[in-house]
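What follows is each chain in one-letter form.
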There are 2 protein chains.
Amino acid sequence: MRLLEERIQKEGKALSESVLKVDSFINHQVDPEFMEMLGKDFAEHFKDFGITKVFTIESSGIAPAMMVAKYLHVPMVILKKQTSKILNGNVYQTRITSFTKGTSYELTLFSDYISPDDRILLIDDFLANGEAATGASRLVEQSGAKLAGIGILIEKSFQNGRKRLEDAGYYVYSQARVSRLDAGVIEFLPEDEPTVAAQSE
Amino acid sequence: MRLLEERIQKEGKALSESVLKVDSFINHQVDPEFMEMLGKDFAEHFKDFGITKVFTIESSGIAPAMMVAKYLHVPMVILKKQTSKILNGNVYQTRITSFTKGTSYELTLFSDYISPDDRILLIDDFLANGEAATGASRLVEQSGAKLAGIGILIEKSFQNGRKRLEDAGYYVYSQARVSRLDAGVIEFLPEDEPTVAAQSE
């Protein structure tokens, strides 16, 4: 998605080979009209997938997911990060460990907000190793529903998240695919290229 | 705001004298079209306040704040809940203690996203004792900017948050003002009534 790539090139800050800051328009400060445009693009891309709910993981995915849900005319569900297990039977939970941040949490979904008939679209801001998205897929499957698609704003194509999700049978659409980062350097993969991770096997 | 009161009456769950669950359309599952309507109402209410940025606190305020920012044509900024102090000089931080939840966090704002010229509108889903909103007001004031208004979806008018904010000189607009909760009971204050807390002094 050319417009997202241009914005990342202009405002993003590559701090190292793995860290890309997009605080000024996605993560901390959010440009609502730009986010609406990204949401429309996802809705257009997934319009024939029969999506019944948009899921996201708190909190950076909420802004784009809201806009996708609005244009698909379906509810949005925020998967919560709990520090501990909830012991009553009305929730699905799965443990997520972020290697980057060195933290763990229980990704949590109240069972009221999913049913076996649902076809879920997961929206998140970043895809790196795919820990969070894989965890969300476990929650969806615990409920008997189908994870029909995954929409990502910024994919780090040099990490293995996309490959891991595709190997598990999921469909992934990323609006910007970053092939290389370095201090001051941000490079993108053309939209029709296979991932770097896939190429290097 | 009649439509929000009706939706709370229909889908909200009063669990006790202080706990109101609105998980099905605001906090966990979100109705994006309804949220857009609430956002439009806030934007209309605050259109002459000269707002330059909409602030919210992660994560339940993000969905409505996005919509307000969209209709006011200004950026939205998400105040982050950090577990610890950030020791470099580029942030404003203030400690928030939630008596309800028994937790504490450092409300955090990167200084890049506020300037002394800014007129801030703070949007949040709930107002009870006003701990979070008061913390946000401290951050805004640390930066030299002005907190020009506070917009709340659901005010618990039987708690002292509104009075506390008004006593500190802030303008508060709440879309629904809950005057009493009890198991199965939800009552509202008419829009032009003073708060219960103010009356009882």
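Residues numbered from 1 in each chain as written. Chains lettered and ligands numbered in written order. Predicted model: local features only at pLDDT ≥ 70, side-chain atom pairs only at ≥ 80, totals over all residues. Heavy atoms only, no water.

**Quick look at the packing of aromatic side chains**
Where two aromatic rings form a pair, the distance of their centres and the angle of their planes describe that pair.
Then step 1. Under the counting rule described, the total for this entry stands at twelve aromatic pairs over all chains.
Then step 2. The interplanar angle of 75° and the centroid separation of 5.8 Å between the aromatic rings of Phe25 of chain A and Phe34 of chain A together place this pair among those described as edge-to-face.
Then step 3. Judged by its relative accessible area of 10%, Phe34 of chain A falls in the buried class.
Then step 4. Plain terms: the ring middles of Phe46 of chain B and Tyr173 of chain B are 6.2 Å apart, the flat faces sit at 65° to each other, and that makes the pair edge-to-face. Of this pair, Phe46 of chain B sits in the loop between helix H3 (32–45) and strand E4 (53–57) while Tyr173 of chain B sits in strand E10 (residues 172–182), placing them 127 residues apart in sequence.
Then step 5. Counting every residue linked through ring pairs, the aromatic cluster contains Phe42, Phe46, Phe49, Tyr171 and Tyr173 of chain A.
Then step 6. Above the plane of the ring of Phe34 of chain B lies Arg7 of chain B, whose end atom (NZ or CZ) is 4.8 Å from the centre.
Then step 7. Its guanidinium or amino end placed over the ring of Tyr105 of chain B, Lys81 of chain B lies 5.1 Å from that ring's centre, counting from NZ or CZ. (Phe/Tyr/Trp six-rings, centres within 6.5 Å; stacked < 30°, edge-to-face > 60°. Buried < 20%, exposed > 50% of the residue type's maximum accessible area, 1.4 Å probe, protein only. Helix = DSSP H or I, 4+ residues; strand = E, 2+ residues; numbered from the N terminus. Lys NZ or Arg CZ within 6 Å of the ring centre and 35° of its normal.)

**What to know about the pairing of strand E11 (residues 185–188) of chain A**
Residues and elements named next belong to chain A.
Then step 1. Of the two faces of E11, only one is covered, namely that formed by Ile186 and Phe188; the face formed by Val185 and Glu187 stays uncovered.
Then step 2. Of the pairings in the sheet, the one linking strand E10 (residues 172–182) to E11 comprises four bridges and is antiparallel in character. Of the residues in E11, the one forming a bridge with Arg180 is Glu187. (Pairing = 2+ DSSP bridges.)

**Describing the interface of chain B and chain A**
Then step 1. Between chain B and chain A, the residue contacts involve 33 residues of the former and 33 residues of the latter.
Then step 2. There are two salt bridges connecting chain B and chain A.
Then step 3. A salt bridge links Lys70 of chain A to Glu36 of chain B, with the shortest nitrogen-to-oxygen separation between them at 3.0 Å.
Then step 4. Where chain B packs against chain A, one counts 18 residue pairs in polar contact (both at pLDDT 80 or more). (Contact = heavy atoms within 4.5 Å. Salt bridge = Lys/Arg side-chain N within 4 Å of Asp/Glu carboxyl O. Polar contact = N/O pair within 3.5 Å; in protein donor to acceptor, adjacent residues only side chain to side chain.)

**Some thoughts on the relation of the copies chain B and chain A**
Note that the two copies of the chain are related through a rotation about an axis and a translation along the same axis.
Then step 1. With an RMSD of 0.0 Å, the fit of chain B onto chain A corresponds to turning through 180° and sliding 0.0 Å along the axis. These values place the two chain copies in the arrangement generated by a two-fold rotation axis. Distance from the rotation axis, computed per C-alpha, reaches its smallest value in chain B at Ser59 of chain B: 2.8 Å.
Then step 2. When the interface residues of chain B are mapped onto chain A, 100% of them again lie at the interface, so the same face is used by both copies. (Least-squares fit on C-alpha atoms with pLDDT ≥ 70 in both.)

**Thoughts on the nonpolar core**
Then step 1. One finds Leu4 and Val54 of chain A together with Leu4 and Val54 of chain B to be the most contacted residues of the largest nonpolar core, which totals 78 residues.
Then step 2. Apart from the residues within four sequence positions on either side, Val54 of chain A is in contact with Ala65, Val68, Ala69, Leu72, Val74, Pro75, Met76, Val77, Leu121 and Ile123 of chain A.
Then step 3. By size, the runner-up hydrophobic cluster in this structure holds 26 residues, among which are Phe55, Leu107, Leu122 and Ile150 of chain A. (Core = buried A, V, L, I, M, F, W, Y, C linked by side-chain atoms within 4.5 Å.)

**Let's talk about the packing of H3 of chain B against helix H4 (residues 62–72) of chain B**
Between two packed helices, the angle of one axis relative to the other and the distance separating the axes together describe the packing.
Residue and element names in this part refer to chain B.
Then step 1. Orientation of H3 relative to H4, taken along the N-to-C sense of each, is 50°, at an axis distance of 8 Å. Judged by the inter-axis angle, H3 sits oblique to H4. As H3 runs across H4, the sense of the crossing is right-handed. Touching Pro32, Met35, Glu36, Gly39, Lys40, Phe42 and Ala43 of H3 are Ala63, Pro64, Met67, Val68, Lys70, Tyr71 and Leu72, all from H4.
Then step 2. Taken together, the residues that form the contact of H3 with H4 break down as ten nonpolar, one polar and three charged. (Axes fitted to C-alpha atoms, helices over the stretch in contact; angles between N-to-C directions. Parallel < 35°, antiparallel > 145°, perpendicular 65-115°, else oblique. Left-handed = near helix turned anticlockwise from the far one by under 90°. Nonpolar A, V, L, I, M, F, W, Y, C, P; charged D, E, K, R; others polar.)

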